[in-house]
Each structure stands twice: as structure tokens, then as C-alpha cells.
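Observations on chain architecture
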Amino acid sequence: MADVASLKARVANAIDAHRDEILAIGEDIRVHPELGFKEFRTAEIVDTHFSKLNIPHETGIAITGVKGVLNGAASNATIAYLGELDSVLVRNHPDADPETGAAHACGHNAQIANLIALAYGLVESGVMAELDGNIALMAVPAEEYVEVEYRLGLRKAGILEFLGGKPEMIRAGAFDDVDMTFMTHQSCRKEGGILSVGGPSNGCIVKQIQYEGVAAHAGGSPHSGVNALAAAMLALQAIDANRPTFQDDDHIRVHPIITKGGELVNVIPDDVRIETYVRGASVDAIQKAAVKVDRCLKAGALAMGATLHLTTLPGYLPRIVSDGFLDVYRRNAWELVGESNWWDSGFGAGSTDMGDVSHIMPAIEAQARGCSGTGHGADYAVCDPEAAYITPAKAAAMTLIDLLVDGAASAKSVISGYKPAMDKESYLEFMRGLAQDIEWRGENA
Ligand SMILES: [Zn+2]
Ligand SMILES: [Zn+2]
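These figures come from a predicted structure and were not determined experimentally. (Residues numbered from 1 in each chain as written. Chains lettered and ligands numbered in written order. Predicted model: local features only at pLDDT ≥ 70, side-chain atom pairs only at ≥ 80, totals over all residues. Heavy atoms only, no water.)

Things to note about the sheet that holds strand 7 (residues 180-186)
Spatially, 1-2-6-3-7-14-8 is the arrangement adopted by the seven strands of the open sheet, whose pairing is mixed. A single partner strand is all that each edge strand has here, and the edge strands are strand 1 (57-61) and strand 8 (195-197). Taking the axes of each pair of neighbouring strands and ignoring which way they run, one obtains an average angle of 20° across the sheet. Direction of pairing for strand 3 (residues 78-84) relative to strand 7: parallel, over a ladder of four bridges. What sits directly across from Ala80, in strand 7, is Thr181. Relative to the sheet, helix 9 (residues 323-337) contacts strand 3, strand 7, strand 8 and strand 14 (363-368), its axis offset from that of strand 8 by approximately 175°. (Pairing = 2+ DSSP bridges. Helix = DSSP H or I, 4+ residues; strand = E, 2+ residues; numbered from the N terminus. Axes fitted to C-alpha atoms, helices over the stretch in contact; angles between N-to-C directions. Contact = heavy atoms within 4.5 Å.)

Observations regarding the pattern of salt bridges
Applying the stated criterion to the full structure yields 26 salt bridges. Two residues, Glu263 and Lys260, come together in a salt bridge whose shortest N-O distance is 3.0 Å. A salt bridge links Asp284 to Lys288; its shortest N-O distance comes to 3.2 Å. With Asp284 and Lys288 both in helix 8 (residues 283-304) and four residues apart, this pair spans about one turn of that helix. Given the relative accessible area of 46%, Asp284 is considered partly exposed. Several salt bridges share partner residues, and in doing so they unite Glu161, Glu168, Arg171 and Arg432 into one network. (Salt bridge = Lys/Arg side-chain N within 4 Å of Asp/Glu carboxyl O. Buried < 20%, exposed > 50% of the residue type's maximum accessible area, 1.4 Å probe, protein only.)

Describing the coordination of the zinc ion (ligand 1)
Around the zinc ion (ligand 1), the donor atoms from the protein are Cys106 (SG), Glu144 (OE) and His376 (NE2), and they sit 2.0 to 2.2 Å away. For the zinc ion (ligand 1), the single-chain donor residues occur in sequence as C-x37-E-x231-H. (Donors = N, O, S within 2.8 Å, 3.2 Å for Na, K, Ca; no water.)

Let's talk about helix 13 (residues 424-434)
If you check which residues of helix 13 are buried, you get Tyr427, Leu428, Met431 and Leu434. Burial along helix 13 is one-sided: seen end-on, the buried residues are contained in an arc of 125°. When the buried face of helix 13 is taken as reference, the exposed residues oriented beyond 90 degrees from it are Glu425, Glu429 and Gly433. Buried residues along helix 13 sit against helix 6 (165-171), strand 9 (203-212), helix 8, strand 13 (307-316), helix 10 (354-360) and strand 17 (436-441). (Arc of directions from axis to C-beta.)

Let's talk about the coordination of the zinc ion (ligand 2)
In the first shell of the zinc ion (ligand 2), the protein supplies Cys106 (SG), His108 (NE2) and His185 (NE2), at 2.0 to 2.3 Å from the metal. Here the donor residues of the zinc ion (ligand 2) are spaced in sequence according to C-x1-H-x76-H. Separating the zinc ion (ligand 2) from the zinc ion (ligand 1) is a gap of 3.0 Å, which Cys106 spans by donating to each of them. One end of the pair, His108, is in helix 4 (residues 108-125); the other, His185, is in strand 7, and 77 residues separate them in sequence. A residue is classified by how much of its surface remains accessible, and His108, at 1% relative accessible area, is buried.

Examining the packing of aromatic side chains
Applying the stated criterion across every chain yields a total of six aromatic pairs. Ring centres of Phe182 and Phe325 lie 5.2 Å apart, and the angle between their planes is 50°; on these two criteria the pair is classed as tilted. Placement of Phe182 in strand 7 and of Phe325 in helix 9 is noted, with a sequence separation of 143 residues between them. The class of Phe182 is buried, set by a relative accessible area of 0%. With 6.5 Å between their ring centres and 70° between their planes, Phe182 and Tyr329 make a pair best called edge-to-face. Of the two residues, Phe182 sits in strand 7 while Tyr329 sits in helix 9, which places them 147 residues apart along the sequence. By the burial criterion, Phe182 is buried, and Tyr329 matches it. Looking at Lys38, its charged tip hangs above the ring of Tyr150, at a distance of 4.3 Å from the centre. (Phe/Tyr/Trp six-rings, centres within 6.5 Å; stacked < 30°, edge-to-face > 60°. Lys NZ or Arg CZ within 6 Å of the ring centre and 35° of its normal.)

Focus: the pairing of strand 12 (residues 271-280)
With eight of its ten residues buried, strand 12 lies for the most part within the structure. Relative to strand 12, strand 9 runs antiparallel, the two sharing ten bridges. Residue pairing across strands places Gly203 opposite Gly280, the latter belonging to strand 12. Judged from the two bridges that link them, strand 10 (residues 253-254) and strand 12 form a sheet pairing that is antiparallel. Considered in strand 12, the bridge of Val254 is made with Val278.

If you want it as C-alpha cells, here you go:
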């Protein structure tokens, strides 16, 4: 039997030895935010540290992804630990990039600090020689599903197929040799606590909508026009009218925005654009709600005699929590921060591409409360650097040690206790099947 306590202490000491450097990495990335699939500077930081540690690694996966692998004494399982590279866009955030408006208002800067801290801990402690499995350290691009037009351009150019980082990394084969995956996301909950594991969450599909009408003088001859804005407004009202038909357990969220409402006030709008997600707790629930949303979108076109151009894109799958994995993590979190600093996370109504990973292998998304303010808001800040940058790496290392010692028995038991909802091939097929472009003419109906 391995002396687990001393292995854990060795990794924690190695992480502490680099404490100042790790805090500096987290803060440096915080003030240099980059949007998804453009995280070149952030990826280079990972690349530099992996090189310094002689970790064999690959860069440029799904544009900016980095993957390093540490081999154990045996290869009984491979566990990936992820850090997300991207920021969000909050122009009025005090640390927003003045040019792009990007800001780390979701705490992903801490994830990259955690990933690098873990790399230092595992390598410099020499623990890999005592483990019977491998550890893949992965910096992944584009968790936030934003700048859809830009990413569609990348897709058209053949650079990407999927618009999110992990789906694209899955497609590229980066998870092919991985059996289990976890990561730590920052939480800014107000109630206190230090560590948790996120519960099940909503998945989503993405809809891009254009109403095409006919322009005409808004005062002189509105009768010769077809008002695309009126079609859009009717569609939004119809979606609202359907809300009571969504069932509570399905957690449906439909939150459209009008991204283009018209050109000039004295012209009947002939080109109006809407974007929306349709979120829900299961694939089935999302698809049922999407049928209603599509019906509502057609209703707007039908009422006004406009043409509807509707593009549906795969978003993210709901997050499934591996209970076996969660148990091992929770035990270590209690050991590290005390049971009183643990909280149980409930259902998460947001969406993440960790959901996609969780459909094909056991996965958990731990949470660390190192940040405060509003997620994706201008007041989002790192309030506890230790909890943001250091603690998650220690908790991850301890969990990995428990999973991979003694023939990787614990990892094997988590893997055998998990029934994958999909394999990689059926996942890719499912995602591809979601993409759809339709044109629907209201005047012909
Ligand atoms: Zn976010
Ligand atoms: Zn996030």
C-alpha cells in the first residue's frame, strides 16, 4: 500500500514552493484577457511552463489548446485535469481590455494558474513514479459560447467544426486516451465555503434568426413594406406565451436578444436579427422546447408575411455528475479545507461544455470560492487569491493521488461505475445532427 499521506504532502509542498510565481501567473492572465479561440498569449504561458518542466506536450489543438501528459509507473488509467483559457466580454469591467472589451469575469485565469500549479506539484515532487496511471494536463480554449459570427467564419474556413472548445478538442482526438476528466471553476457565491463540486446543469442549443421583410417609407407607404421587426416582436411574444408550458423539472430557459432591429427610423425594417439559446436539463427537454420555439419563430413570419432564416447550432450538453468521482474529490476537499468549508451545489441553470465531456466519460467540475461579485459582471473580482489560485491545485493533486495509487484501483472503480451516455462517435453524430439551416416563407403559408 502506498503511503498516500506523504505523497499528498510532497505535492502540496512543491506547490507551496512556487506560491508567489503561481499567484503572479493568475494575476497576469487576469489583466490580459483573451476571448475564445484567440487565447494565444495565455496558451503560450502554459506552453512555457510545460517546457520548463520538461512535460511532453502538444500545442495548437483546436487553435489554442495545449495538452501535456505525465506518465505514471503503470498506465492503468489516464485522468485529465483541465484549465479553460478564455475570458468573457464585459466592456465596463475595470480590467477589461480597452480594445476588445474582454475581461476575466468568469475566473478562468485562476484555472490556468491551477493547471500550472498542479504541473509544478506533480513534476517537482516526483510522485508520478508512485502512481499507476497517467495524468493529462490540458489547457482548453473557448468555454464561453460567444462571438458566434466570428466562429462561424472559422467553421466556413475549415479551421473549426464546433463552436466550443471542448467539443472541438473531443473531435480533434485530445480526449481519445483519457478515461476521466475534471477541472475547477471559480464560484462567487455569497454564502461562504471554499470548495464544492458543481451539480447537474442545463445544456443548450443555439439559434440565429433573421427576418427578411420589405423596406418602404415608414410614414408615406408602410402598406408596401413587410415589417421584419414586427415579425420578430410577435415571435418573441409567442415564445413568452409558451413559457407556462415548460415543465419545472426541465429547467427550460429561452432568453432571446434582438441584435439588429432596423436601420433608419423612417424605413420599415427589412432585416432584423435575433439570437437565442434554448437551455434545458436534458437533451429531450431541450429538443421539445426547441420545437415550440421554432413554431413561435414561424408564427412571426406568418403573421407579417416575412421570410424566416433560421440557423440552429449545437451548443453544450447538460452536465452529468459522476458520483464516484465526486466522493473521492469531496473526501480530499474535506481533508484540505475542513468539512465546514464544503458546500453542496445544486442544479446549475447555466451551461458548460464540461457537459459534453461528462456524456462520454466520468467527469466532475469542482468549484472554488476565490472570487466575488457577479459572474460575467463588471464587479467580478478575485477576493481570495489562495482559494482561487492555490487550493484547487492541491485538492486536484490529492484527488489524483487517491485515484491512481495501488494499481489505480480507485480510478478503475469510478470508471466501471459510470455508464457513458454516448461514446465519441455517437456524440459527434448527435452534435452534427443538431445543426440545421431552414428558410421559411410566411407569405406562402
Ligand atoms: Zn462564464
Ligand atoms: Zn466560466
